[in-house]
Amino acid sequence: PMTMALRTIDGRPQLCLEPDSHYTALVAAGQTLSFDGLQLVSEQHLLPDRVHGQVLDIDMNMHMQSADRAGIFVRATPDGNIGTSISYDMKKHVLVVDRSRSGLTDFSSKFSHEHIVNMPSRTGDISLHIIVDRNSIEILSRNGSVVITDLIFPPARADRVIAFSENGMTNFRYMKITLLEGDL
């Protein structure tokens, strides 16, 4: 569940969302793994075996030094053939959720594969709070003023996280992943 608040962002009032106190308490009590300072140059990086699960809370900041696009795959298989991509495109200045390889996607012609949100970043610093559940993901950024919620239908074995950077360097300044399996 989320709570709504009216906040002033860039001098304008905006409706913002944030996880409610019950969820925040679950995250605080969960096992958190940190991956600070991970640098990738035009590559994918499968996070260690201990980072797996169908229910995760991911808090991350990445600085795109020269990369065109960077982000993570969630609910991924180790080989990367299945996974939902959450990325920032520095050239287009957009946050993108790509479900085209997220598992079951061919059940309806109306199932959109990509959701895109305009989110300019002059500095290349992108902070994301990602909530991964068995069949949904929620991505929050900019104090909850940017939110994408999507359904996904991956197989149970798709329980890994893969970080990536395309066409240049990205510094994942911090990435905190809390394992919530069985808590929700």
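Residues numbered from 1 in each chain as written. Predicted model: local features only at pLDDT ≥ 70, side-chain atom pairs only at ≥ 80, totals over all residues. Heavy atoms only, no water.

Visitor: What exactly am I supposed to notice about the overall build of the chain here?
Guide: A count of helices and strands for the chain gives one helix and 13 strands. Along the chain, from the amino end to the carboxyl end, the secondary structure elements read β-β-α-β-β-β-β-β-β-β-β-β-β-β. Over its C-alpha trace the chain gives a radius of gyration of 16 Å, about what one expects of a compact globule, namely 16 Å for 184 residues. Seen through its C-alpha atoms, the chain measures out along the principal axes to roughly 45 × 40 × 40 Å. Partitioning the contacts of the chain with sequence separation of at least 6, the portion at a separation of at least 24 is 66%. On the chain, roughly 9,000 Å² of surface is accessible, and the fraction owed to carbon and sulfur atoms is 51%. For the chain, the separation between the mean place of its 17 positive charges and that of its 22 negative charges on side chains is 4 Å. (Helix = DSSP H or I, 4+ residues; strand = E, 2+ residues; numbered from the N terminus. Rg over C-alpha atoms; globule rule 2.2 N^0.38 Å. Contact = heavy atoms within 4.5 Å. Areas by Shrake-Rupley, 256 points an atom, 1.4 Å probe, with all protein chains shown as cover. Lys, Arg positive; Asp, Glu negative; His and termini not counted. Charge placed at Lys NZ, Arg CZ, Asp CG, Glu CD.)

Visitor: Any chance you could explain the packing of aromatic side chains here in plain terms?
Guide: Between two aromatic rings, the relevant description is the distance of the centres plus the angle of the planes. Under the definition given, this model contains four aromatic pairs. Note on F111 and F153: the rings are 6.4 Å apart at their centroids and 50 degrees apart in plane angle, and the pair reads as tilted. With a gap of 42 residues between them, F111 in the loop between strand 8 (94–98) and strand 9 (114–118) and F153 in the loop between strand 12 (146–151) and strand 13 (160–179) connect regions that are remote in the sequence. A relative accessible area of 11% means that F111 is categorised as buried. Judged by its relative accessible area of 29%, F153 falls in the partly exposed class. A connected cluster of aromatic rings, assembled from ring pairs, spans F107, F111 and F153. (Phe/Tyr/Trp six-rings, centres within 6.5 Å; stacked < 30°, edge-to-face > 60°. Buried < 20%, exposed > 50% of the residue type's maximum accessible area, 1.4 Å probe, protein only.)

Visitor: Help me understand the side chain of T170 in this model?
Guide: Mapped onto the secondary structure, T170 falls in strand 13. Accessibility expressed as a relative area gives 0% for T170, which makes it buried. In terms of polar contacts, T170 uses its side chain to reach the side chain of S165, at 2.9 Å. Beyond its immediate chain neighbours, meaning those up to four positions away, T170 contacts L38, Q39, L40, M62, H63, M64, Q65, A67, A70 and S165. (Polar contact = N/O pair within 3.5 Å; in protein donor to acceptor, adjacent residues only side chain to side chain.)

Visitor: How should I be thinking about the pairing of strand 7 (residues 84–89) in this particular structure?
Guide: Every regular strand shows the same layout, with side chains that alternate between the two sheet faces. Within strand 7, six of the six residues are buried, which leaves the element mostly enclosed by the surrounding structure. With burial as the criterion, each face of strand 7 is covered, one bearing T84, I86 and Y88 and the other bearing S85, S87 and D89. Here strand 6 (residues 69–76) runs beside strand 7; their pairing, made up of six bridges, is antiparallel. Pairing of V74 across the sheet is with T84, part of strand 7. Connecting strand 7 to the next strand, strand 8, in antiparallel fashion are four residues, including H93 with a positive phi near 60 degrees. (Pairing = 2+ DSSP bridges.)

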